[in-house]
Amino acid sequence: MRKFEFWKQGLENVLASAMRSALTVLGMSIGVAAILAVITLGDAGRTQVKQEISRLGIDRVQVTAADPAVPLTRWDASFLQKKLHTQVDEAVCLESRLSTQDGNVISLVVGCSPDYWERISPQLIAGKPLLPGQWYKGDSVAFVGEDIAGPLKLSVGEWFFANGMMLCCAGIMGEGKQASQLDLKQAVIVPQPLLHQWMGDSIQEMTILVPEDAAPEEIAAKAEKLLLSERSVRVKAVSMQLQAEAADSVVMIFVDVLRWVALICMLVGGIGVMNILLVSVRERRREIGVMQSLGATGIQICGLFMCEALIYAFSGGILGLLMGGALIAVAGKCIGLMPLIKAHDCTVVFMAAVLLGLISGVVPAAAASRMKPVDALRDE
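This text gives an overview of the structure that appears in the document. (Residues numbered from 1 in each chain as written. Predicted model: local features only at pLDDT ≥ 70, side-chain atom pairs only at ≥ 80, totals over all residues. Heavy atoms only, no water.)

Comments concerning the overall build of the protein chain
Move 1: Helix and strand counts for the protein chain come out as 13 helices and 12 strands.
Move 2: A buried classification covers 42% of the 380 residues belonging to the protein chain.
Move 3: Look at the contacts in the protein chain between residues 6 or more apart in sequence, and 81% of them connect residues 24 or more apart.
Move 4: Counting only carbon and sulfur atoms, one obtains 61% of the accessible surface of the protein chain, whose full area is about 20200 Å². (Helix = DSSP H or I, 4+ residues; strand = E, 2+ residues; numbered from the N terminus. Buried < 20%, exposed > 50% of the residue type's maximum accessible area, 1.4 Å probe, protein only. Contact = heavy atoms within 4.5 Å. Areas by Shrake-Rupley, 256 points an atom, 1.4 Å probe, with all protein chains shown as cover.)

Brief notes about the environment of Asp59
Move 1: Tracing the backbone shows Asp59 in the loop between helix 2 (18-55) and strand 1 (60-65).
Move 2: Accessibility expressed as a relative area gives 32% for Asp59, which makes it partly exposed.
Move 3: The spatial distance from the C-alpha of Asp59 to the C-alpha of Ile208 is 8.6 Å, given a sequence separation of 149 residues.
Move 4: Setting aside chain neighbours within four positions, we find Asp59 in contact with Ile208, Leu209 and Val210.

What about the packing of aromatic side chains?
Move 1: Under the defined criterion, the tally for this structure stands at 4 aromatic pairs.
Move 2: Their ring planes at 50° and their centres at 5.6 Å tell us that Trp117 and Trp135 sit as a pair that is tilted. Pair noted here: Trp117 is in helix 4 (residues 114-120) and Trp135 is in helix 5 (residues 132-137), with a separation of 18 residues, a long-range link. There is no split in this pair, since Trp117 and Trp135 are both buried.
Move 3: Taken together, a centroid distance of 5.6 Å and an interplanar angle of 55° make the contact between Phe314 and Phe350 tilted. Of this pair, Phe314 sits in helix 11 (residues 298-335) while Phe350 is found in helix 12 (residues 343-369), placing the two residues 36 residues apart along the sequence.
Move 4: We classify Phe314 as partly exposed; its relative accessible area is 33%.
Move 5: On the basis of relative accessible area, Phe350 is assigned to the buried category, the value being 16%.
Move 6: Just above the ring of Trp75 sits the side chain of Arg74; from NZ or CZ to the centre is 6.0 Å. (Phe/Tyr/Trp six-rings, centres within 6.5 Å; stacked < 30°, edge-to-face > 60°. Lys NZ or Arg CZ within 6 Å of the ring centre and 35° of its normal.)

With respect to the nonpolar core
Move 1: In this structure, Val63, Leu80, Leu98, Val144, Phe160, Met206 and Ile208 are the most contacted members of the largest nonpolar core, which totals 40 residues.
Move 2: For this core, the leading source of residues is helix 8 (residues 216-231), giving 5 residues.
Move 3: Residues Ala262, Phe305, Val349 and Ala353 belong to the second largest nonpolar core, which totals 25 residues. (Core = buried A, V, L, I, M, F, W, Y, C linked by side-chain atoms within 4.5 Å.)

A closer look at the state of the cysteines
Move 1: Summed over all chains, the structure comprises 0 disulfides.
Move 2: Cysteine Cys168 shares no disulfide, and the gap to the nearest cysteine sulfur, in Cys169, comes to 6.9 Å.
Move 3: With a relative accessible area of 16%, Cys168 lands in the buried category. (Disulfide = S-S within 2.5 Å.)

Let's talk about the packing of helix 3 (residues 74-84) against helix 8
Move 1: Here helix 3 crosses helix 8 at 120°, and the two axes come no closer than 11 Å. Between helix 3 and helix 8, the angle is such that the two are oblique. Handedness of the crossing formed by helix 3 with helix 8: right-handed. Contacts between helix 3 and helix 8 involve Trp75, Asp76, Phe79, Leu80, Lys83 and Leu84 from the first element and Ile219, Lys222, Ala223, Leu226, Leu227, Glu230 and Arg231 from the second.
Move 2: By residue class, the composition of the contact of helix 3 with helix 8 is 8 nonpolar, no polar and 5 charged. (Axes fitted to C-alpha atoms, helices over the stretch in contact; angles between N-to-C directions. Parallel < 35°, antiparallel > 145°, perpendicular 65-115°, else oblique. Left-handed = near helix turned anticlockwise from the far one by under 90°. Nonpolar A, V, L, I, M, F, W, Y, C, P; charged D, E, K, R; others polar.)

Examining helix 8
Residues spaced three or four apart along an α-helix face the same direction, because each turn holds 3.6 residues.
Move 1: When the terminal C-alpha atoms of helix 8 are compared, their 22 Å separation across 16 residues agrees well with the 22 Å that a helix rising 1.5 Å per residue should span.
Move 2: Considered for burial, the residues of helix 8 that qualify are Pro216, Ile219, Ala220, Ala223, Leu226 and Leu227. Each buried residue of helix 8 sits inside an arc of 135° when the element is viewed along its axis, so together they form one side. For helix 8, exposure combined with an orientation more than 90 degrees from the buried face picks out Lys225 and Ser229.
Move 3: Taken from the residues just after helix 8, Ser232 is the one with a positive phi, measuring 55°. (Expected span 1.5 Å × (residues − 1). Arc of directions from axis to C-beta.)

What to know about the side chain of Ser113
Move 1: Position of Ser113 among the secondary structure elements: in the loop between strand 4 (103-112) and helix 4.
Move 2: Under the relative-accessibility criterion, Ser113 is labelled buried at 14%.
Move 3: In contact with Ser113, not counting residues within four places along its chain, are Asp89, Trp135 and Gln192.

Points about unusual backbone geometry
Most peptide bonds take the trans form, and the phi angle of most residues other than glycine is negative.
Move 1: The phi dihedral of His85 falls on the positive side, at around 55°, and the residue is not glycine.
Move 2: Considering the arrangement of structural elements, one finds His85 in the loop between helix 3 and strand 3 (88-100).
Move 3: The exposed category is assigned to His85, whose relative accessible area is 70%.
Move 4: With a phi close to 55°, Asn163 is a non-glycine residue in the positive phi region.
Move 5: In this structure, Asn163 sits in the loop between strand 7 (159-162) and strand 8 (165-176).

Listed below in structure tokens is the structure:
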């Protein structure tokens, strides 16, 4: 029997029971689609989580005073910037009573530098950004969160009081493009030099930009040691690195669990292939006996059933990739991910399906090849 005849005969045998074969292929394809979807959506989910965490400042270290009675100063920030050779932003905050003719509220006034403003990237609902000179001179201007501007009935260009000091509203802020612990919609941002006029040189927090060749935990440890040894200031320096690693670990646990579930789905499909071939061997005992009586060897009969197993595996693999692509597109759109199907993942999943089909065909093929012609021809 020629190789072409193996495939032709195998395809005819598969098509002989169209409905049964279609259900077998469907079972295999569901497993393939599930594995491809889990791998692709899992990678997209991990990427999304890393992006969200990076918005919180994974490349930055937050430094605060360990003892509130001994606050940090502007000179501490300048000292760290020189010693660590990186950018250090100061954060100055003051809880203030804001008032206009139409009402008053209590809010947090934040002294901001141009670099800090760029980092948090507030969305301006109204108004326009300040010029560099306005930031450094400390003009009496402020950006007001929309949740504050509403009760005060404040518009751009109008003046209001903050703890008795007059400020001009330069803009109305919405949410920030960059995640921050500060709720911009309920805060007021002013140039930092202006707030220093109220508070002197004290600051509440410093933000250290981590260089590309350094680790956040390393920079945090250096900052604590430098301030303690050379300025006698105890501080707490923390980064988002540990939180980022923990979040990635949690995501990987869920992805791994789903991968095992998807693998079980594929194994069920493989069992379906084995089952239909075993049933086929039993139903075609007479055909097998006739083939043996005409000179077909056990290897040839074994090869025929292996061809059928490969046809199921190839069909299930191709259909599974198509179903997986559709599932990924729908799921990605529903949960807000941007999944990217990789050719490498498709190749690996498809080859796994083919290998599973081969393994599933071994037992039925071996059973058919060991059948004796006399026993086979005895059954009707």
